[in-house]
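Spelled out, the chains give:
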Amino acid sequence: MKPITGAATRGHHFYLSALRWQALALVALLAAWLATPAHALPSYAQQTGLPCSQCHSIAFGPALTAYGREFKLNAYALGEHKSSVPLALMAVLSYTNTSSDLPEIPAEHFDVNNNGALNELTGFFAGRIGQHAGAFIEAAYSGVERHTAWGAFDLRYAHPFTLGSHSVVGGITLNNNPTVSDLWNSTPVWSFPYTGSELAPTPGAAPIVAGGIEETVLGPTFYAMFDDRWYVELGGYKSLSDSMLDFVGLGADDNSRLDAFAPYWRAAAQFTNGPHYYSFGILGLNVKQQPDPASPATDRFDDLGFDATYQHTATDASNLAANFAYVHENRHLDAAYAAGDAAKASGDLDSVRGDVTWTYQQTWVAAGGLFNVTGSSDANLYAAGKPDSNGYLLQFEYVPFGKLTSPYRPWLNVRVGLQYIGYSKFDGASSNYDGAGRSASDNNTLYGFLWVAL
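Scoring rules and cut-offs
- Residues numbered from 1 in each chain as written.
- Predicted model: local features only at pLDDT ≥ 70, side-chain atom pairs only at ≥ 80, totals over all residues.
- Heavy atoms only, no water.
- Helix = DSSP H or I, 4+ residues; strand = E, 2+ residues; numbered from the N terminus.
- Buried < 20%, exposed > 50% of the residue type's maximum accessible area, 1.4 Å probe, protein only.
- Contact = heavy atoms within 4.5 Å.
- Areas by Shrake-Rupley, 256 points an atom, 1.4 Å probe, with all protein chains shown as cover.
- Phe/Tyr/Trp six-rings, centres within 6.5 Å; stacked < 30°, edge-to-face > 60°.
- Lys NZ or Arg CZ within 6 Å of the ring centre and 35° of its normal.
- 1 Å grid on protein atoms, 1.4 Å probe; cavity = no way out; pocket = protein on both sides within 12 Å on 5 of 7 lines; lining within 4 Å.
- Points joined across faces, edges and corners; volume = space filled by probe spheres on them.
- Nonpolar A, V, L, I, M, F, W, Y, C, P; charged D, E, K, R; others polar.
- Core = buried A, V, L, I, M, F, W, Y, C linked by side-chain atoms within 4.5 Å.
- Salt bridge = Lys/Arg side-chain N within 4 Å of Asp/Glu carboxyl O.
- Pairing = 2+ DSSP bridges.
- Polar contact = N/O pair within 3.5 Å; in protein donor to acceptor, adjacent residues only side chain to side chain.
- pLDDT = per-residue confidence, 0-100.
- Patch = residues over 30% accessible without salt bridge, like charges linked within 9 Å, V, L, I, M, F, W, Y side chains within 5 Å.

Remarks on the overall build of the protein chain
Stage number 1. The secondary structure content of the protein chain amounts to five helices and 16 strands.
Stage number 2. Taken across its 454 residues, the protein chain has 53% of its residues classed as buried.
Stage number 3. Restricting the contact set of the protein chain to residue pairs at least 6 apart, pairs at least 24 apart contribute 66%.
Stage number 4. As presented, the protein chain carries roughly 18900 Å² of accessible surface, and 62% of it is formed by carbon and sulfur atoms.

Put into structure tokens, the structure is as follows:
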């Protein structure tokens, strides 16, 4: 099962045999053939005839514009439909340096510092399936773990209609991760900085909504947007069986072992005033896990979060974006306490994140963020007795393609970036957090990346 003290990172990929990878590719190709005439390379841009910058505030990538949110809300089927094959390919190449050498190699085939890597090579089925249906489905090869697995899975149907004097877009999505269906970049799956090193240490403690059951579950959520302002979503998740986990690249040890259906809910409001855009939202996730199938004891995690977004878009497409997210988690660790893994049967965890990004003409990008995790002390759960971690992140990027006048549009999209993460506290302490003399600042990370999408 996932460790109680930490959520799996968003960029983490698990194992899938070559045979299963071929099976997934064949399924995607068949779906593409059934969906559209197969005579062009796939992408949402090809499907709509619009540049990537129409949907993405940084020319391409997870950060969405207002039109991008509408496109996703309408099941990736909004707008004009041109002949295309909804398949795409993405690669992230990286270099990682930490302030001090790691105490051991971070993964097989790598060194204790100064590592170059193919973070991921990802194939997507991404596009319209019918008049009101579409999907965003990924399978990724991890150059760090040297294996392939599924990633984000979001298959959805949506239909606009009127209810009295109100306009409504209602839909359903089948997905494998709480918040993967979300329209905003203030919730965990699509939050800043969108890419990061898999070869540098990261804090161990995070709310379970921030990746704690990602890709080990599957479930439906139902959603509706009223008058292009009020958004609601309700659904939940069940654990995948061991055999299904094996098929998508995970193993029995990764089973999230949900004791029951895990409900997820989301509500948000959005407002536009000229070039200014605002959103405010709340979310909740309630997870009960049974770590040992032979014992009835369970651990329960109840997450409640608040988030907000601000965007300002200038006439030359330059934009300023800011996101804020706070999540409070109540923990009832009966199973962990009975097993001696936790010193207390209950506790809590608080996570706060904030980020600001300035993009000049969707080409030059400067961004920064702050993060802070605090929680109840527990000598058994945490090596330093507490889960506390905090620090900052700076990122600079050059994005040459993806605009209306870009050459090779929409075939070629590139982001070149440099990221720096600084820690003031790491896993409970500023110094000697691991009992072996390592300080939080020893984990400060310089990360360079080349991100290509075709």
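Still to come is the rest of the account.
What to know about the packing of aromatic side chains
Stage number 1. Here the structure, examined in full by the defined rule, presents 18 aromatic pairs.
Stage number 2. Measuring from ring centre to ring centre gives 5.0 Å for F426 and Y433, while their planes differ by 50°; the resulting arrangement is tilted. Exposure class is identical for F426 and Y433. Each is buried.
Stage number 3. One aromatic cluster is present, built from ring pairs that chain together F371, Y423, F426 and Y433.
Stage number 4. Over the ring of Y277 we find R69; its NZ or CZ atom is 3.9 Å from the centre of that ring.

Some points on empty space enclosed by the protein
One water molecule sets the probe size; rolling that probe over the atoms shows where empty space is left.
Stage number 1. Considering all chains together, one arrives at four cavities of 30 Å³ or more under this definition.
Stage number 2. Taken as a whole, the largest cavity holds about 100 Å³ of empty space.
Stage number 3. Lining the largest cavity are 14 residues, with A63, Y194, Q311, A321 and N323 positioned closest to its centre.
Stage number 4. Mapped by element, the contributors of at least two residues to the lining of the largest cavity are β10 (299–313), β11 (319–333) and β12 (346–360).
Stage number 5. In terms of residue class, the lining of the largest cavity is made up of four nonpolar, eight polar and two charged.

Details of unusual backbone geometry
Stage number 1. Each neighbour pair has its own omega, and for F192 with P193 the value is 15°, a cis peptide bond.
Stage number 2. Along the polypeptide, P193 turns up in the loop between β5 (166–175) and β6 (217–226).
Stage number 3. Positive phi is not limited to glycine here, since H109 has a value of about 80°.
Stage number 4. The class of H109 is exposed, set by a relative accessible area of 52%.

Let's talk about the nonpolar core
Stage number 1. Counting residues in hydrophobic clusters, the biggest one holds 33 residues, and the most contacted among them are F136, W190 and W451.
Stage number 2. Elements with a minimum of two residues in this core: β1 (87–98), β2 (115–130), β13 (364–375), β15 (413–425) and β16 (445–453).
Stage number 3. For this core, the element with the most residues is β16, which contributes four residues.
Stage number 4. Every residue in contact with W451, bar those within four places of it in the chain, is listed here: F60, P62, M90, A91, V92, Y194, T195, N413, V414 and R415.
Stage number 5. Core analysis: the next-biggest nonpolar cluster, separate from the first, contains 21 residues, A205, Y237, L258 and Y264 among them.

As for the pattern of salt bridges
Stage number 1. Applying the stated criterion across every chain yields a total of seven salt bridges.
Stage number 2. A salt bridge links D154 to R156, with the nearest nitrogen and oxygen atoms 3.1 Å apart. Each member of the pair, D154 together with R156, is buried.
Stage number 3. Residues D388 and K386 are paired through a salt bridge, measuring 3.7 Å at the closest nitrogen-oxygen approach.
Stage number 4. Given the relative accessible area of 8%, D388 is considered buried.
Stage number 5. Classification of K386 by relative accessible area gives partly exposed; the value is 34%.
Stage number 6. Connected through shared salt-bridge partners, D182, R266 and D307 make up one network.

Comments concerning the pairing of β13
Stage number 1. Across 12 bridges, the pairing between β12 and β13 is antiparallel. Bridge pairing links L349 to G375 in β13.
Stage number 2. The loop that links β12 with its antiparallel partner β13 comprises three residues; one of these, Q361, has a positive phi angle of about 50°.
Stage number 3. Relative to strand β14 (residues 389–398), β13 runs antiparallel, the two sharing 10 bridges. Bridge assignment links F371 to a residue of β14, and that residue is G391.

Looking at the side chain of H56
Stage number 1. Looking at where H56 falls in the secondary structure, it is placed in the loop between α2 (44–48) and α3 (66–73).
Stage number 2. A residue is classified by how much of its surface remains accessible, and H56, at 19% relative accessible area, is buried.
Stage number 3. Apart from residues no more than four positions distant in its own chain, H56 is found in contact with G61, P62, A63, L64, T65 and Q362.

Looking at the side chain of N390
Stage number 1. The residue N390 is located in strand β14 in this model.
Stage number 2. Engagement of the side chain of N390 in a polar contact is seen with the side chain of N372, the distance being 3.4 Å.

Focus on the confidence of the model for the protein chain
Stage number 1. For the protein chain, the average pLDDT comes to 89, and 89% of its residues sit at 70 or higher.
Stage number 2. A low-confidence stretch, residues 1–43 stays under pLDDT 50, and its non-local contacts, those more than four residues away or across chains, total 112 contacts.

Details of the environment of T221
Stage number 1. Positionally, T221 belongs in strand β6.
Stage number 2. The sequence separation of T221 and W265 amounts to 44 residues, and the corresponding C-alpha distance is 8.4 Å.
Stage number 3. Discounting residues that sit within four places of it in the chain, T221 has contacts with G171, I172, T173, N175, S181, E233, L234, G235, G236, Y237 and Y264.
Stage number 4. Of note is the side chain of T221, whose polar atom sits 2.7 Å from the side chain of E233.

As for a nonpolar patch on the surface
Stage number 1. Residues L93, W358, Y360, W364, Y398, V416 and L450 make up a contiguous nonpolar surface patch of about 660 Å² in total accessible area.
Stage number 2. Position of Y360 among the secondary structure elements: in strand β12.

Observations concerning α3
Stage number 1. Listing the buried residues of α3 in full gives G68, R69, F71, K72 and L73.
Stage number 2. Looking at the residues trailing α3, positive phi occurs at A75, about 65°.

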